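Read off the chains here:
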Amino acid sequence: MEAIGSAVIDGAKTMFKFTFSRVKTLSKYEENIFELRKKIVELRGKKMAIEEYISLARLEGKTPKPQVNEWLKSVSRAEDDVKPLLEMPDKMMHQYLQCWTVAKKLELVKDLISTHFDTVALERSSPIIAVQEMAVASLVGQGAASHMKRLLEILNRDDITRIAVWGMGGIGKTTLVKNLNNKLRVSTTTCFDIVIWVQVSRWFDVRTIQSQIANRIHLKVEDGDTDQHTANRILRTLKWSRKILLILDDVWEKIDLDAVGIPPRDPRCKVLLTTRSRDVCRRMVVDVSLQLNLMNDKDSWDLFVQSVGSVLSSDGIESPARKIAASFHGLPLPIKTVGNSMRDIPQVELWENACLRWRCSSPLFVNIEKEIFGTLATSYYSLPSKILKQCFLFCSLYPASYSIDVNELIQCWVSDGLLNENQTVAETFNDGFGLTERLKDLCLLDQDVAEGIVKMHDIFRDLAIRLSRNEEPFGFHSQSSLPFYQMPNESSRRASFVCCKIKKLPLYPLCSQLTVLLLQDNPIVKIPDEFFHNLKSLRVLNLSNTRITSLPSSFICLSELRALFLRDCFIETLPSLQSLGKLLVLDLSKNRIKALPEGFGSLNSLKELDLSCTHFLEEIIAGSISGLSSLETLNMSCSAFNWNPKMGRAIAPQRATFEELLSLDRLSGLQIRLDSVDCLAHASAWIMKLSKFNIQITPWAHGPNGYVAKRNEKRLGLRGVNLLQEDLHDLLYNTSYLDMLTCVGMTQRHWLHLSSLISLNLSKCDDVTHLISKERSSREMFPNLQHLVLNRLKSLETIVEGIIPRGKCLKNLKTIQVSDCPMLKGVVSYAMLRHVKNLEEIKVSGCDNMSYIIDSGEHEETLPKLKVLEMNNIVSLRSICVGTSVCPVLQRIEVSCCPELKELPLSNSNLSSLKEIRGEIKWWNSLIWEDDDVMNKFRQYFQAYPRENCSRKRKYKT
């Protein structure tokens, strides 16, 4: 019994302990749940801190310890186990098993939190250097220093993440950016955690770029990793860095940065690329594109001196050295390459020989040519089509740095079969213009200062000539700018002798394959009679600016001719052109022809005819113009031919009339002079069809009418016209550029019709007292006007008279130019100021009674876009801005002979935009400033006129 009792007692004790433990566990359940929630948050924070530390350590070439990896795995498992416990429904809360589990997990979490690591990551390899120094020559010249400064400024801006440096091959893009890379090693203002240099080149793939980036950041890429997997790893790694600069050198086409793994538009990750293509800048949507231009003469010489070394101090070497340096026209690649090749060569004879022979395929310079032209030729081989390559090579037919008219170039391309001749003139121009823009974007052509003109750099022309020798189908023979010594051989297809000082041509050239012959700008007096007999394949012939007075009898053999340029010759009589049935372009401008030849109307393929400046042309036989059924553009500006002679004059019955022009259904561009508006009375519908016109109504055949209308420009010039007597409603309505000289009868009724006007030029119109009047005005007046010129209007009192409701009136006006208007007291009155918020330039000259330029009265008005103010010879001018007018973005102020002007509309807010103040020293010293501190701030922008210019009265061109 005792044994049984003892067993019962022991069982009771055990049951009591179990029951007590269960009760205790149940009683602490809610307390444990609360603490578990708190501890799991603490554990997660520790986990995130260790993971971030590991990510940063990886950038330094370190790898996490195995114990740390195991700990992270345990934390992840614990998170997974705890999650369902914390989300347990209320009805399960008091189950003992759950209470016990919560307690156990709480202990586990506490243990994980208490785990301590002396070292999280171990050194795996050498640490990542923020910037790796690169071997590169130092920069030379003010231009390079300016570009470097600009790049550093851009890199410090948070709003800019993608930058491009672009320019022609050999211009120094890589040299600049390598120097930038090295400068970032020691820069204190621009600090990157890591600068990654990637060499892209013409042939690239995403994998190659990823490999270079991964290698730089010590990220191991396995052979089996996909591009996407690698991109994800690169993206995660780069995102942990605070500030990254990725440099992509020599980019030829768009790179998908997302596919590479580059963080998109992240201010902490900037991308800088170099490219030869402006189109790449567009397609990669860069925020800032910095174009590198050719070096100036001083910088070119300094670079050559650096490349050649001390040998230049030897007697007799500097002169040929300067000629060599100048011959590269500012392109750094050949300057450095040839300079290095001549280093430590003291013999004057070798320098003189180099000056003559380095570009003449001399064996002495074979390696140099390979280095220079091999580099540049990649731009040519990257051209996407055969047509574009042919167009580039065609440009080598013009002399180096020759001003090539884009329109004429396109006419040649079409006529030579490079572009489709079955399109309209507008369509072929658009195609050709697109090709020239593509060549400019790739820096294979240069943009000239003048609009519509391109040039080819000497080195690229040399490249094109060398390439054309190897391109058998093209058969180029280009001898421009060299003394003429021979005609091309039998296999040549295109030949150029522009500016070769040719006086005499061979009698019978054997060039039956020739399709293009350029002979312009030569003092040729006579063409041999048999000259064209063996040139029957010619499609383009240019004899412009020669001294020929006639064409030879063999001219009739040119039945394949598509383009004939005879501009600025001495031709008085033309032979019959009936055999030229395929002619598309005929330029007879600036010739002495008195009549168009018989059969001229048979040129039914002719699309473009230029008879401008034919000051002796008085006879055009009836049918000569109406027979040109394909004619699309006709230029007869400054021609003596009178399309509307007075009825009192005897008119020959066979004479061409204006009705012939009306019969040309395909005509889309017209430049013409008319004596009066009579013949336009019933031509409204015909004028509406013209996409471009320059109609000058003036009695003077040799008047100021030499302006060439731009593409799609509709210009009307009126001289001595009384608008009250003429119905010009339809013509004015379709005009975009209007020039009026000595006209009368202008009323508000006429101005209301000018909704399409972009430019208005009024000169010597004595009855004009104001341009816009509140009495007969509209808030819609001049809605598209951008440029306004007012010259010698002796009655003009104000431009805008009275307050006009705000609307579209003058809302697009950008420039105002006023000269010699004696009654005008100010340019922009308050009534006008309310409307011209897009005004950018104001230029005023010779207005004797003008006392102010801008007047806002008692109102606070701004000209938020005004950049330029020019004032000359205004003796009464006392103030630029009257009232509280503000011009916050002024860039340039120019003042000449305005002795009463003592103040400038400048404040501290202008310091960020102002670039220049020009004027006389005496005037500057007489200015009144708020205090000396303000004066000193603006003194740095002042540039004095030369003394001899101060008293000279200057007028603006109109």
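For the structure itself, look to the data block above.
Residues numbered from 1 in each chain as written. Predicted model: local features only at pLDDT ≥ 70, side-chain atom pairs only at ≥ 80, totals over all residues. Heavy atoms only, no water.

1. Brief notes about the overall build of the chain
Counted only if it meets this: Counting from the N terminus, the helices are DSSP H or I runs at least four residues long and the strands are E runs at least two residues long. Between buried and exposed lies partly exposed: a residue is buried under 20% and exposed over 50% of the maximum accessible area for its type, with that area taken using a 1.4 Å probe on protein chains only. Two residues form a contact once any of their heavy atoms are found within 4.5 Å.
Helices and strands together make up the secondary structure of the chain, namely 26 helices and 34 strands. Burial statistics for the chain: of 958 residues in total, 51% are counted as buried. Taking contacts inside the chain between residues at least 6 apart in sequence as the whole, the part at least 24 apart equals 62%.

2. What to know about the pairing of strand E28 (residues 841-845)
Within a regular strand, side chains alternate between the sheet's two faces. Filter applied, for reference: A strand pair is defined by DSSP finding two or more bridges across the two strands.
E28 sits mainly inside the fold: four of its five residues count as buried. In terms of strand pairing, strand E27 (residues 815-819) meets E28 through five bridges, oriented parallel. Bridging from a neighbouring strand, Thr815 pairs with Glu841 of E28. Relative to strand E30 (residues 868-872), E28 runs parallel, the two being bridged by five bridges.

3. Details of a nonpolar patch on the surface
Heads up, the rule is: Every patch collects residues that have over 30% relative accessible area and no salt bridge, joining them within 9 Å if they carry like charges and within 5 Å if they are nonpolar side chains (Val, Leu, Ile, Met, Phe, Trp, Tyr). Note on areas: these come from Shrake-Rupley sampling with a 1.4 Å probe, and a residue is covered only by the protein chains present in the view. Each reported salt bridge corresponds to a side-chain nitrogen of Lys or Arg within 4 Å of a carboxyl oxygen of Asp or Glu.
A surface patch of nonpolar side chains, amounting to about 350 Å² of accessible area, comprises Leu507, Tyr508 and Leu510. Structurally, Tyr508 is set in the loop between strand E12 (494-496) and strand E13 (516-518). For Tyr508, a relative accessible area of 44% gives the class partly exposed.

4. Observations regarding the pattern of salt bridges
All told, the structure shown has 32 salt bridges when counted by the stated rule. Glu421 is paired through a salt bridge with Arg539; the nearest N and O atoms lie 3.5 Å apart. Of the two residues, Glu421 is situated in the loop between helix H17 (406-415) and helix H18 (425-441) and Arg539 in the loop between E13 and strand E14 (540-542); the sequence distance between them amounts to 118 residues. On the accessibility criterion, Glu421 (23% relative accessible area) is partly exposed. On the basis of relative accessibility, which here comes to 17%, the residue Arg539 falls in the buried class. For Lys837, the salt bridge goes to Glu861, with nearest N and O atoms at 2.6 Å. Highlighted residues: Lys837 in the loop between helix H24 (830-833) and E28 and Glu861 in the loop between strand E29 (852-855) and E30, separated in sequence by 24 residues. Residue Glu861 is classed as buried on the basis of its relative accessible area of 11%. Each of the salt bridges in this network shares a partner with another, and the network as a whole consists of Glu421, Arg539, Glu560, Arg562 and Lys582.

5. Side note on the environment of Arg567
Applicable threshold: Whenever a nitrogen or oxygen atom comes within 3.5 Å of another N or O atom, the pair is scored as a polar contact, on the condition that within protein one atom can donate a hydrogen and the other can accept it, and that pairs from neighbouring residues in sequence are kept only if both atoms are in side chains.
One can find Arg567 in the loop between strand E15 (563-565) and strand E16 (585-587). The exposure class of Arg567 is partly exposed, given its relative accessible area of 25%. Considering only alpha carbons, one finds Arg567 and Lys590, 23 residues apart in sequence, at a separation of 5.9 Å. Residues in contact with Arg567, not counting those within four places in the same chain, are Glu408, Ser544, Asn545, Asp587, Ser589 and Asn591. Of the polar contacts made by the side chain of Arg567, one reaches the side chain of Asp587; its length is 2.8 Å.

6. Let's talk about the sheet that holds strand E8 (residues 404-405)
Read across the open sheet, the three strands follow the order E8-E10-E9; overall the sheet is antiparallel. Because the sheet does not close on itself, it has two edges, and the strands there are E8 and strand E9 (446-447).

7. With respect to the state of the cysteines
Quick reminder of the rule: Any cysteine sulfur atom paired with another within 2.5 Å is treated as part of a disulfide.
One pass over the full model with this rule turns up zero disulfides. In this structure Cys765 is a free cysteine whose sulfur lies 5.1 Å from that of Cys743, the closest cysteine sulfur available. Exposure remark for Cys765: the relative accessible area of 0% places this residue in the buried category.

8. A look at the sheet that holds strand E5 (residues 244-251)
To be explicit about the condition: Angles shown run from 0 to 180 degrees and are taken between the N-to-C directions of axes, each axis being a line fitted to C-alpha atoms and, for helices, limited to the stretch in contact.
Here five strands make up an open sheet; going across it, the order is E4-E5-E6-E3-E7 and the pairing parallel. Each of the sheet's edge strands pairs with one partner strand only, and the pair in question is strand E4 (194-199) and strand E7 (288-291). Neighbour-to-neighbour, the strand axes of the sheet open up by a mean angle of 15 degrees, direction not taken into account. In this structure, strand E3 (residues 162-166) lies alongside strand E6 (residues 269-275), joined through five bridges in parallel fashion. Bridge assignment links Arg162 to a residue of E6, and that residue is Val271. Here helix H7 (residues 206-216) sits on the sheet and contacts E4 and E5; the angle it forms with E4, its principal contact strand, is near 150 degrees.

9. Things to note about the packing of aromatic side chains
The test is simple: For this analysis, a ring pair means two rings from Phe, Tyr or Trp (six-membered ring only for Trp) whose centres lie within 6.5 Å, classed as stacked if their planes differ by under 30 degrees, edge-to-face if by over 60, and tilted for the remaining angles. Only when the NZ atom of a Lys or the CZ atom of an Arg is both within 6 Å of the ring centre and within 35 degrees of the ring normal do we say a charge sits over the ring.
One pass over the full model with this rule turns up 13 aromatic pairs. A ring pair is formed by Phe304 and Trp351, whose centres lie 6.3 Å apart and whose planes are at 80 degrees; its orientation type is edge-to-face. Taken together, the positions of Phe304 in helix H11 (residues 297-308) and Trp351 in helix H14 (residues 348-357) put the pair 47 residues apart, joining distant regions of the chain. Taken together, the aromatic side chains of Trp924, Trp929, Phe938 and Phe942 make up a single cluster linked through ring pairs. Directly above the aromatic system of Phe192 lies the positively charged group of Lys243, at a separation of 5.1 Å from the ring centroid.

10. Considerations on unusual backbone geometry
The phi dihedral of Lys501 is positive, around 60 degrees, even though this residue is not glycine. You will see that Asp820, though not glycine, has its phi angle at about 55 degrees, which is positive. Of note, Asp820 is situated in the loop between E27 and H24. The class of Asp820 is buried, set by a relative accessible area of 15%.

11. Quick look at the environment of Glu858
Along the polypeptide, Glu858 turns up in the loop between E29 and E30. On a C-alpha basis, the gap between Glu858 and Gly883 in space is 6.0 Å, while along the polypeptide they are 25 residues apart.

12. So, the environment of Ile372
Inspection of the secondary structure assignment puts Ile372 in helix H15 (residues 366-381). On the basis of relative accessible area, Ile372 is assigned to the buried category, the value being 0%. Separated by 203 residues in the primary sequence, Ile372 and Gly169 place their C-alpha atoms 9.6 Å from one another.

13. Remarks on helix H26 (residues 932-939)
Just so we agree on the cut-off: It is the directions from the helix axis to the C-beta atoms whose arc is reported.
Among the residues of H26, those classed as buried are Val934, Met935 and Phe938. One side of H26 holds all its buried residues, which, seen down the axis, span an arc of 100 degrees. Buried residues in H26 make contact with strand E33 (916-919), helix H25 (921-925) and strand E34 (942-944). Its side-chain oxygen at 3.0 Å from the backbone nitrogen of Asp933, Asp931 defines the N-terminal cap of H26.

14. Concerning the side chain of Thr161
Within the fold, Thr161 resides in the loop between helix H5 (142-155) and E3. On the accessibility criterion, Thr161 (7% relative accessible area) is buried. Look past the residues within four positions of Thr161 in its chain and what remains in contact with it is Arg265, Asp266, Pro267, Cys269, Lys270, Val271 and Asp287.

15. Describing the packing of helix H16 (residues 386-394) against H18
When two helices pack together, you describe them by how their axes are tilted relative to each other and by the distance separating the axes. Note the following rule: Roughly parallel refers to an angle under 35 degrees, roughly antiparallel to one over 145, roughly perpendicular to one between 65 and 115, and oblique to any angle outside these ranges. In this count, Pro and Cys sit with the nonpolar residues alongside Ala, Val, Leu, Ile, Met, Phe, Trp and Tyr, while Asp, Glu, Lys and Arg are called charged and the others, Gly among them, polar.
Viewed as axis vectors pointing N to C, H16 and H18 meet at an angle of 75 degrees, and their least axial separation amounts to 10 Å. By the criterion of interaxial angle, the relationship of H16 to H18 is roughly perpendicular. Judged by residue contacts, Ile387, Leu388, Cys391 and Phe392 of H16 engage Leu435, Arg438 and Leu439 from H18. Broken down by class, the residue content of the contact of H16 with H18 amounts to six nonpolar, no polar and one charged.

16. A closer look at the nonpolar core
Here is the rule: Put simply, a nonpolar core is a bunch of buried Ala, Val, Leu, Ile, Met, Phe, Trp, Tyr and Cys residues held in one set by side-chain atoms that sit within 4.5 Å of each other.
Counting residues in hydrophobic clusters, the biggest one holds 143 residues, and the most contacted among them are Trp643, Phe782 and Ile853. Non-local contacts of Ile853, meaning those with residues more than four positions away in its chain, are made with Gly826, Val827, Val828, Ile842, Val844, Leu869, Met871, Leu877, Ser879 and Ile880. Within the second largest apolar cluster, 121 residues are counted, among which are Leu155, Leu435, Leu467 and Leu518.

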